[in-house]
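Below are the chains, spelled out letter by letter.
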Amino acid sequence: MNKLNNIKIGFFRNNPVLSLALGLTTALAVTGSVTTALGMGLLILLLVIVAGVLGGLLHKVTPSEMMIPVGLVLSAFLAKLGELLALAYMPTVASEVGIFIPLMAVNSLILFAAGTLTEKTSFGENMKNALLAGCAYVVALLAIAFLRELAVTGGIALLNPLSGVELFSFNLIPQQFTLSLFAGSAGALLMTAFVGGLFQAIGKSGNDKGGK
């Protein structure tokens, strides 16, 4: 299991999705539209925070030899919780995601954020790391979804993930210039690779200027 403190999660450098490939399968499945990416991203953020809290509490009462089994049980619990929350509060988004709903807790990402089970850092530091990992995941989903939806439809239509009410929409690209390739899995992977490269370039540029 990777450790947040050693990897130094960031939005551009070492992004959980774009650099570390955590939860990549689910990311490809939910980035067909900005609405779906936003809804599922917020759900993941909530679950990562819950993982950080529960992981920090369990760390205090779990023997070292039981850390991995307890982490797996925690991940399974969060996966089911994520599925139930999506079906209860975001039925429209959940219907679009389909079979990938049970994976929305993204076992690898949750275990990653719940590094509190192996980390020797403080509870506050673990929570900060979990929140950073969740926010970076949401940013990655939105960036990929924005470019995919724009390429496929020529514009963006953002709906409220909870109610399905349209918040805003716009068109930038004429229909004859849209690219249906990015609607499929191959296009999703290509766009993810493109956004990952872009984020890496921005991260390196910021590092050259003295950023982290």
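Residues numbered from 1 in each chain as written. Predicted model: local features only at pLDDT ≥ 70, side-chain atom pairs only at ≥ 80, totals over all residues. Heavy atoms only, no water.

### Focus on the side chain of S33
Thinking step 1. Relative to the elements of secondary structure, S33 occurs in the loop between helix 2 (24-30) and helix 3 (34-59).
Thinking step 2. When its relative accessible area of 14% is taken as the criterion, S33 is described as buried.
Thinking step 3. S33 has contacts with E96, A145 and E149, leaving out every residue within four places of it along the chain. (Helix = DSSP H or I, 4+ residues; strand = E, 2+ residues; numbered from the N terminus. Buried < 20%, exposed > 50% of the residue type's maximum accessible area, 1.4 Å probe, protein only. Contact = heavy atoms within 4.5 Å.)

### Details of the pattern of salt bridges
Thinking step 1. All told, the structure shown has one salt bridge when counted by the stated rule.
Thinking step 2. For the salt bridge of E83 with K80, the shortest nitrogen-to-oxygen distance reads 3.4 Å. Of this pair, E83 and K80 both sit in helix 4 (residues 67-89), three residues apart, which is roughly one turn of that helix. (Salt bridge = Lys/Arg side-chain N within 4 Å of Asp/Glu carboxyl O.)

### So, the confidence of the model for the protein chain
Thinking step 1. On average, residues of the protein chain score 78 in pLDDT, and 80% of them reach the 70 mark or higher.
Thinking step 2. Within the protein chain, no element has a lower average pLDDT than helix 1 (residues 4-7), which sits at 48, and none a higher one than strand 1 (residues 155-159), at 92.
Thinking step 3. Contacts of residues 1-6 to residues separated by more than four positions or lying in other chains number 17 contacts, the stretch itself having pLDDT below 50. (pLDDT = per-residue confidence, 0-100.)

### Concerning helix 7 (residues 123-153)
Three- or four-residue spacings in an α-helix give side chains the same orientation, since the helix completes a turn every 3.6 residues.
Thinking step 1. Taking 1.5 Å of rise per residue, the 31 residues of helix 7 would be expected to cover 45 Å, and the 44 Å separating its terminal C-alpha atoms lies within 8% of that figure.
Thinking step 2. Once helix 7 finishes, G154 follows within two positions and takes phi at roughly 85 degrees, a positive value. (Expected span 1.5 Å × (residues − 1).)

### Considering the nonpolar core
Across soluble globular proteins, nonpolar side chains have a tendency to be buried as a group.
Thinking step 1. One finds V17, L18, M40, L43, Y137, L141 and V195 to be the most contacted residues of the largest nonpolar core, which totals 34 residues.
Thinking step 2. Elements with a minimum of two residues in this core: helix 2, helix 3, helix 4, helix 5 (91-97), helix 7, strand 1 and helix 8 (185-208).
Thinking step 3. For this core, the element with the most residues is helix 3, which contributes nine residues. (Core = buried A, V, L, I, M, F, W, Y, C linked by side-chain atoms within 4.5 Å.)

### Observations regarding the pairing of strand 1
Thinking step 1. Across five bridges, the pairing between strand 1 and strand 2 (residues 166-171) is antiparallel. Bridge pairing links L159 to E166 in strand 2.
Thinking step 2. Connecting strand 1 to the next strand, strand 2, in antiparallel fashion are six residues, including G164 with a positive phi near 80 degrees. (Pairing = 2+ DSSP bridges.)

### What to know about the packing of helix 3 against helix 4
Thinking step 1. In contact at an axis separation of 10 Å, helix 3 and helix 4 are set at 150 degrees when each is read in the N-to-C sense. At the point where helix 3 passes helix 4, the crossing takes the right-handed sense. Where helix 3 approaches helix 4, its residues M40, L43, L46, L47, V50, A51, L54, G55, L58 and H59 are matched on the opposing element by M67, V70, L74, F77, L78, L81, G82, L85 and A86.
Thinking step 2. The residue makeup of the contact of helix 3 with helix 4, split by class, is 16 nonpolar, three polar and no charged. (Axes fitted to C-alpha atoms, helices over the stretch in contact; angles between N-to-C directions. Left-handed = near helix turned anticlockwise from the far one by under 90°. Nonpolar A, V, L, I, M, F, W, Y, C, P; charged D, E, K, R; others polar.)

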